[in-house]
Amino acid sequence: NGLRTVFEDQLEKAKSLLERAVKEFPAEDHFWAFYARLLAKQNLHQEAVNILNRYPDNPESIVHDAKNLKMNVWTAYNLAASYAILGEKQLAIKYLEVVILGFSDQWDIDETLQNIENEMDFEGLRMDPQYMYLKDLAHPETFEESFAKLNREFNTVQEIIRGFYLDKNAQIDETIEG
């Protein structure tokens, strides 16, 4: 209980600082995105959603328009976390797509993927096939290795099936001839 009180106290301090930041710097998207994430963490969902409505929710436009919106990687990251907390998996994944594919020149991909793996906010996404696919896209060499392995396994299965049918055909021929 003591730790929870300290944590809630820290959240209130952070909320107060972010409220001040968004008032003093209303054009700074990263403050708004982090504020939405904090509100979502505090179960102030409607307040978080009101902030999130500032951003596009059309999944097809997010990656393409991200740089035009002057969105930086941390804004997209915090928007993804906000949506993940709110249970909006599809939007969370799309904003992670912005982070992973849209800003690869601005950050360390391995560090960011590690953060996603460690942060509780993303817990509901880690086993999602779309997120796992994004992780593979972040490291194309790993994706290619996985695909090559899967292809080898498929070829092995094909050979086993082919061998099975060849054996069956041989047995049938022996039966007919015998």
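This structure is a prediction, so every number in the text was calculated from the model and none was measured.

(A) Representation of the overall build of the chain within the structure. A count of helices and strands for the chain gives nine helices and zero strands. Sequence-ordered secondary structure for the chain, helices as α and strands as β, is α-α-α-α-α-α-α-α-α. Total accessible area computed for the chain in this model is approximately 11,600 Å², and 54% of it derives from carbon and sulfur atoms.

(B) Quick look at helix 5 (residues 73–85). Between its first and last C-alpha atoms helix 5 spans 18 Å; for 13 residues at 1.5 Å apiece the expected length is 18 Å, and the two agree. Across the 13 residues of helix 5, eleven count as buried, placing the element largely inside the fold. Taken as a whole, helix 5 has its buried residues at V73, T75, A76, Y77, N78, L79, A80, A81, S82, Y83 and A84. Residues of helix 5 that are buried sit in contact with helix 2 (29–41), helix 3 (45–52), helix 6 (89–102) and helix 7 (109–118).

(C) Fine view of unusual backbone geometry. The backbone phi angle of N43 is positive, close to 60 degrees, even though this residue is not glycine. Relative to the helices and strands, N43 resides in the loop between helix 2 and helix 3.

(D) Structural detail: the pattern of salt bridges. The tally for this structure, following the rule as stated, stands at seven salt bridges. E97 is the salt-bridge partner of K94, the closest N and O atoms lying 2.4 Å from each other. Note that K94 and E97 are positioned in helix 6 at a spacing of three residues, about one turn of the helix. The exposure class of E97 is buried, given its relative accessible area of 17%.

(E) Helix 2, seen in detail. Along its 13 residues, helix 2 runs 18 Å from first to last C-alpha, staying within 8% of the 18 Å computed at 1.5 Å per residue. Of the residues making up helix 2, those classed as buried are D29, W32, A33, Y35, A36, R37, L38, L39 and A40. With its phi angle positive at about 60 degrees, N43 sits one or two positions after the end of helix 2.

(F) Region of interest: the nonpolar core. Formed by 40 residues in total, the largest nonpolar core has its most connected members in Y35, Y95, L96, L113, I116, F122 and L125. Counting residues per element, the ones that place at least two in this core are helix 1 (2–24), helix 2, helix 3, helix 5, helix 6, helix 7 and helix 8 (129–138).

(G) Structural detail: the packing of helix 7 against helix 8. It is at 11 Å that the axes of helix 7 and helix 8 come closest, and there the two elements cross at 160 degrees. By the criterion of interaxial angle, the relationship of helix 7 to helix 8 is roughly antiparallel. Judged by the sense of rotation from one axis to the other, the crossing of helix 7 with helix 8 is left-handed. For the pair formed by helix 7 and helix 8, the contact residues are I109, L113, I116 and E117 on the first element and Y131, K135 and A138 on the second. Classifying every residue of the contact of helix 7 with helix 8 gives five nonpolar, no polar and two charged.

(H) Looking closely at the packing of aromatic side chains. Under the definition given, this model contains four aromatic pairs. Their ring planes at 45 degrees and their centres at 5.9 Å tell us that F25 and F31 sit as a pair that is tilted. Residue F25 is classed as partly exposed on the basis of its relative accessible area of 43%. Residue F31 is classed as partly exposed on the basis of its relative accessible area of 25%.

Parameters and conventions
- Residues numbered from 1 in each chain as written.
- Predicted model: local features only at pLDDT ≥ 70, side-chain atom pairs only at ≥ 80, totals over all residues.
- Heavy atoms only, no water.
- Helix = DSSP H or I, 4+ residues; strand = E, 2+ residues; numbered from the N terminus.
- Areas by Shrake-Rupley, 256 points an atom, 1.4 Å probe, with all protein chains shown as cover.
- Expected span 1.5 Å × (residues − 1).
- Buried < 20%, exposed > 50% of the residue type's maximum accessible area, 1.4 Å probe, protein only.
- Contact = heavy atoms within 4.5 Å.
- Salt bridge = Lys/Arg side-chain N within 4 Å of Asp/Glu carboxyl O.
- Core = buried A, V, L, I, M, F, W, Y, C linked by side-chain atoms within 4.5 Å.
- Axes fitted to C-alpha atoms, helices over the stretch in contact; angles between N-to-C directions.
- Parallel < 35°, antiparallel > 145°, perpendicular 65-115°, else oblique.
- Left-handed = near helix turned anticlockwise from the far one by under 90°.
- Nonpolar A, V, L, I, M, F, W, Y, C, P; charged D, E, K, R; others polar.
- Phe/Tyr/Trp six-rings, centres within 6.5 Å; stacked < 30°, edge-to-face > 60°.

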